[in-house]
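These are the residues of each chain, in order.
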Amino acid sequence: MTRVLVVEDDPQLVRALRINLQARKFDVESATDGSSALRLAAARKPDVILLDLGLPDMDGIEVIKGVRDWSRVPILVLSARHTSEDKIRALDAGADDYVTKPFSMDELLARLRAAVRRQEAAEPSQETVLVTTEDFTVDLVAKRVRRGGRDVRLTPTEWHLLEILITHPGRLISQRQLLLEVWGPTYGDKTNYLRVYMAQLRRKLEADPAHPRYLITEPGMGYRFEG
Ligand code: CA
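Residues numbered from 1 in each chain as written. Predicted model: local features only at pLDDT ≥ 70, side-chain atom pairs only at ≥ 80, totals over all residues. Heavy atoms only, no water.

Caption draft 1: Region of the structure containing the coordination of the calcium ion. The coordination sphere of the calcium ion, as far as protein atoms go, consists of D9 (OD), D52 (OD) and G54 (O), spread over 2.2 to 2.3 Å. One chain supplies every donor to the calcium ion, and in sequence these donors are spaced D-x42-D-x1-G. (Donors = N, O, S within 2.8 Å, 3.2 Å for Na, K, Ca; no water.)

Shown next as structure tokens:
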């Protein structure tokens, strides 16, 4: 049974989530503030955390940071905050995904299952050598990309970006994370670099670069690789 920790101070929403999650065979625990969330996360080792950002005792971002000190458990943020700045802060603190309230229960459950699946796949994927899609293959050890029977030549920067995205399939990676990792600490706001390099990667890898199937933009937030 998948254990989910619901961190939310709105009792009606907690009740609705509990009913829906239990109906789908999740084992549900809930916390209504940040300090009990941190305590339960440590004591019960949930498989996934659903986290509201607006909590009575602390900002949900602090809960993300606290959990990330010791755990890679997937954290799906639920929030009424709509600005991309809030979403980016949550992702940069280590959240895995973000759902804006009001949300559809079906979408939430789909994202939750995806987060759990990615986590389950995460350990063996350290060993993954070959990532195969219908259009191209990436050999992570040989650092080689093939498409339509030919090698695709990537620059070191293109390769670095691609490598980060494909080793976290399905996961939304923030612009800032990518910039810091590929270009370095003084480049965190150079989002135009990302646009340029992602466009180059799409031209090299996507059948229809204007309508990418694998290298997906989440506007204002970041990018994800859909394998
Ligand atoms: Ca709240």
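Caption draft 2: The arrangement of the environment of K143 in detail. Position of K143 among the secondary structure elements: in the loop between β7 (136-139) and β8 (144-147). Each C-alpha atom, one on K143 and one on L154, is 9.4 Å from the other, the two residues being eleven residues apart in sequence. Contacts of K143, omitting those with residues within four sequence positions, involve W159 and E163. (Helix = DSSP H or I, 4+ residues; strand = E, 2+ residues; numbered from the N terminus. Contact = heavy atoms within 4.5 Å.)

Caption draft 3: Structural detail: unusual backbone geometry. In this chain, K101 is followed by P102 through a cis amide linkage whose omega measures -5 degrees. Relative to the assigned elements, P102 resides in the loop between β5 (97-100) and α5 (105-125). Non-glycine residue K25 carries a positive phi angle of around 65 degrees. The residue K25 is located in the loop between α1 (11-23) and β2 (26-31) in this model.

Caption draft 4: Quick peek at the packing of aromatic side chains. Applying the stated criterion across every chain, the model contains four aromatic pairs. Where W183 meets Y197, the ring centres are 5.3 Å apart and the plane angle is 65 degrees; that geometry is what we call edge-to-face. Here the residue W183 occupies a position in the loop between α7 (175-182) and α8 (191-205), and Y197 occupies one in helix α8, the gap between them amounting to 14 residues. The buried category is assigned to W183, whose relative accessible area is 19%. With a centroid separation of 5.8 Å and an interplanar angle of 50 degrees, the aromatic rings of Y187 and Y193 are classed as tilted. Aromatic rings pair up to connect W183, Y187, Y193 and Y197 into one cluster. (Phe/Tyr/Trp six-rings, centres within 6.5 Å; stacked < 30°, edge-to-face > 60°. Buried < 20%, exposed > 50% of the residue type's maximum accessible area, 1.4 Å probe, protein only.)

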